[in-house]
Amino acid sequence: ETGFMQTHKRVLIVGTVPYNEMSTSRAFDSYFRFWEKENLAQIFSNAKAPVKGHCGTLFQITDERMLKRRFTRKTETGVVFNYGDLADKWDDSSLEVSNGVAKMYRFGSRKNSFVYLLRKFIWKRKYWRSEKLLSWLDEFSPECVFLSFSDDFFIPQIALFVAERYNIPIVSSIGDDYYFNYKFSLSPFYHIYKLAYRKLIRKVFAHKGSAIYIGDKIRDKYNASFGLEGKTVYLTSSIERRPFRTISETNPEISYFGNIRLGRNESLKDIGQALGRIDRNYVLNVYSNENDPKFCKLFDGDPNIRFCGAVPYREVAKKTVESDIVIVVEGFRKKDVDITRYSLSTKVADSLSSGVAVFAYGSRDCGAIEYAESVGCIVTCVEKNELEKSLRSLIFDPARQKENYEKSAEVVAKNHRLEKSTEIFESVVNNVCGG
């Protein structure tokens, strides 16, 4: 202890992507905002150089270097980054991926079980467990491992290796159902992958530790199945709440931010058509970094949907507050629902925090839609034939808008406040570390 200040445990994060406000790892801020940099380190596999975040030191091991190491013993698989040397924000030119591996990444981005098995073969422990890694770990001397769950093998394997080496607990961060989500497949690779993966995850949960979850639904399932006492830590948002204003009935600013895969493009298309029936001049603005025409072309020639491409997160925050309505969508097809059953995106926290009217549409079995319905301040529609009616009930009812605005402030205070989330997370870490 220093003075009256209680310092935090030394936590080693193991996860594919280091903190960046532009990426999914933005969730780390809900856990580590008040941690001392010298008490946080991360091992990661993303091929970009990290930016200044929460960690004092980071250790990068990439697919590319792991592959090279098999052919040349001189190849160092790990690179150390220290806080002082890091850039303030990501520069797209800092990618280190060569063409061959880039192709594999593209192949891998299809979440293909063959790729996971290929990676398992490439990520042999003897190649990443280098003297350089061990001395970096010894110098940091972790007291707890934070495992940012992944459907690859090497992330849980590294977490387990470190936890066993130092006899320290693992706190797993679970936002997606990688363990139970078992789909029908004719591919033998899928079943080989899934059996091996589940065996590994059972070993992780058998090691001492706990977990944090993105929502109550996934928490209850994993706690019950693995005898854990993990807690829900909702994602937080730093967007400033705007004063209340009614939705413009003549020219509402309606926005969607985020991924348009997993049937979300079809749900957005439904909303665009319903808006057109209400008023042919209404337009839904879709902001997404999707550039695969397979998903974008659904909007081509639609007078009520404007595909605006990617915008940086700061711009997302600004546009959220300027919107009259922010849309949250999920798909309806079973295979899409299976993937999003427990997910709850940062968008929900952002839209509720901003004070903007929120409209949600998708299958009730999806985590975000179920959450939207449960909080009581988001107009939610789960049936395509109810869409127009639901949208009208929001756009033309200022009393309902005001009521939702006031209720959303309570929901944010209860679930999405940074101080509350970090406090819950710290209590989980302290519990398992016996402090």
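With that settled, the discussion passes to the packing of helix α7 (residues 154-166) against helix α8 (residues 188-206). For the pair α7 and α8, the least separation of the axes is 10 Å and the interaxial angle reads 30°. The pairing of α7 with α8 is recorded here as roughly parallel in orientation. Here α7 runs over α8; the crossing is left-handed. In this structure, α7 contributes Pro156, Gln157 and Leu160 to the contact, and α8 contributes Leu200, Ile201, Lys203 and Val204. Taken together, the residues of the contact of α7 with α8 sort by class into five nonpolar, one polar and one charged.

Once that is clear, we can look at empty space enclosed by the protein. On inspection of all chains with the given rule, the structure shows three cavities of 30 Å³ or more. Put simply, the largest cavity is a space of about 120 Å³. Lining the largest cavity are 16 residues, with Gly355, Val356, Ala357, Gln401 and Tyr405 sitting closest to its centre. Elements represented by at least two residues in the lining of the largest cavity include exactly α14 (346-354), β13 (357-361) and α17 (398-415). A total of four residues in the lining of the largest cavity trace back to one element, the largest contributor, which is α17. Considering only residue class, the lining of the largest cavity consists of eight nonpolar, five polar and three charged. Here the residues of the lining of the second largest cavity sort into nine nonpolar, three polar and no charged.

Among the nonpolar cores identified, the biggest contains 91 residues, and Tyr31, Phe32, Phe146 and Phe425 are the most heavily contacted of them. In terms of residue count, the dominant contributor to this core is α7 (eight residues). The contacts of phenylalanine 146, once residues within four sequence positions are left out, are Val11, Leu12, Ile13, Val14, Phe28, Tyr31, Phe32, Val171, Ser173, Ile212 and Phe425.

In this fold, serine 390 is placed in helix α16 (residues 387-395). Residue class for serine 390 comes out buried when judged on its relative accessible area of 12%. The spatial distance from the C-alpha of serine 390 to the C-alpha of aspartate 279 is 14 Å, given a sequence separation of 111 residues.

Right, let's get into the pairing of strand β12 (residues 325-329). The side chains of a regular strand alternate between the sheet's two faces. For β12, the buried fraction is high: five of the five residues fall into the buried class. Neither face of β12 is exposed, since Ile325, Ile327 and Val329 on one face and Val326 and Val328 on the opposite face are all buried. Two strands pair when backbone bridges link them, and strand β9 (residues 254-257) and β12 are joined in this way by three bridges, in the parallel orientation. Across the sheet, the residue bridging to serine 255 is valine 326, located in β12. Sheet topology note: the β12/β13 ladder contains five bridges and is parallel. Bridge pairing in β13 links valine 326 to valine 358.

Before going further, it helps to examine the sheet that holds strand β4 (residues 78-82). As summarised here, the arrangement of the eight strands in space is β4-β3-β2-β1-β5-β6-β7-β8, forming an open sheet in which the pairing is mixed. In this open sheet, the two edge strands, each paired with only one partner strand, are β4 and β8 (231-232). Inspection of the sheet shows strand β3 (residues 57-61) paired to β4 by five bridges, in the antiparallel sense. Bridge pairing links glutamine 60 to valine 79 in β4. Taken strand by strand, helix α9 (residues 216-226) contacts β6 (170-174), β7 (209-213) and β8, and its axis lies near 155° from that of β7. Each of β1 (11-14), β5 (144-148), β6, β7 and β8 is contacted by helix α18 (residues 418-432), which is oriented at about 170° to β7, the strand it contacts most.

It is worth spelling out unusual backbone geometry at this point. For asparagine 167, which is not glycine, the phi torsion reads 50° and is therefore positive. Tracing the sequence through the fold places asparagine 167 in the loop between α7 and β6.

Our focus in this paragraph is the packing of aromatic side chains. On inspection of all chains with the given rule, the structure shows 34 aromatic pairs. Judged by centre distance (5.1 Å) and plane angle (85°), the rings of tyrosine 179 and phenylalanine 226 are edge-to-face. Of this pair, tyrosine 179 sits in the loop between β6 and α8 while phenylalanine 226 sits in helix α9; the two residues are 47 residues apart in sequence, bridging distant segments of the chain. By relative accessible area, tyrosine 179 is classed as buried at 5%. What makes phenylalanine 226 buried here is its relative accessible area of 19%. Connected via pairs of aromatic rings, a cluster forms that spans Phe149, Tyr179, Phe180, Phe205, Tyr213, Tyr222 and Phe226.

This part is about a positive patch on the surface. A contiguous patch of positive charge on the surface is contributed by Lys120, Lys124, Arg125, Lys126, Arg129, Lys199, Arg202 and Lys203. When residues of the positive patch are traced back to their parent elements, those giving at least two are α5 (125-128) and α8. Counting residues per element, the positive patch draws most heavily on α8, which supplies three residues. The residue lysine 124 is located in the loop between α4 (113-122) and α5 in this model. Residue lysine 124 is classed as partly exposed on the basis of its relative accessible area of 38%.

Calculation rules
- Residues numbered from 1 in each chain as written.
- Predicted model: local features only at pLDDT ≥ 70, side-chain atom pairs only at ≥ 80, totals over all residues.
- Heavy atoms only, no water.
- Axes fitted to C-alpha atoms, helices over the stretch in contact; angles between N-to-C directions.
- Helix = DSSP H or I, 4+ residues; strand = E, 2+ residues; numbered from the N terminus.
- Parallel < 35°, antiparallel > 145°, perpendicular 65-115°, else oblique.
- Left-handed = near helix turned anticlockwise from the far one by under 90°.
- Contact = heavy atoms within 4.5 Å.
- Nonpolar A, V, L, I, M, F, W, Y, C, P; charged D, E, K, R; others polar.
- 1 Å grid on protein atoms, 1.4 Å probe; cavity = no way out; pocket = protein on both sides within 12 Å on 5 of 7 lines; lining within 4 Å.
- Points joined across faces, edges and corners; volume = space filled by probe spheres on them.
- Core = buried A, V, L, I, M, F, W, Y, C linked by side-chain atoms within 4.5 Å.
- Buried < 20%, exposed > 50% of the residue type's maximum accessible area, 1.4 Å probe, protein only.
- Pairing = 2+ DSSP bridges.
- Phe/Tyr/Trp six-rings, centres within 6.5 Å; stacked < 30°, edge-to-face > 60°.
- Patch = residues over 30% accessible without salt bridge, like charges linked within 9 Å, V, L, I, M, F, W, Y side chains within 5 Å.
- Areas by Shrake-Rupley, 256 points an atom, 1.4 Å probe, with all protein chains shown as cover.
- Salt bridge = Lys/Arg side-chain N within 4 Å of Asp/Glu carboxyl O.
- Lys, Arg positive; Asp, Glu negative; His and termini not counted.
- Charge placed at Lys NZ, Arg CZ, Asp CG, Glu CD.

From the geometry alone we can't say anything about function, so treat these as descriptive.
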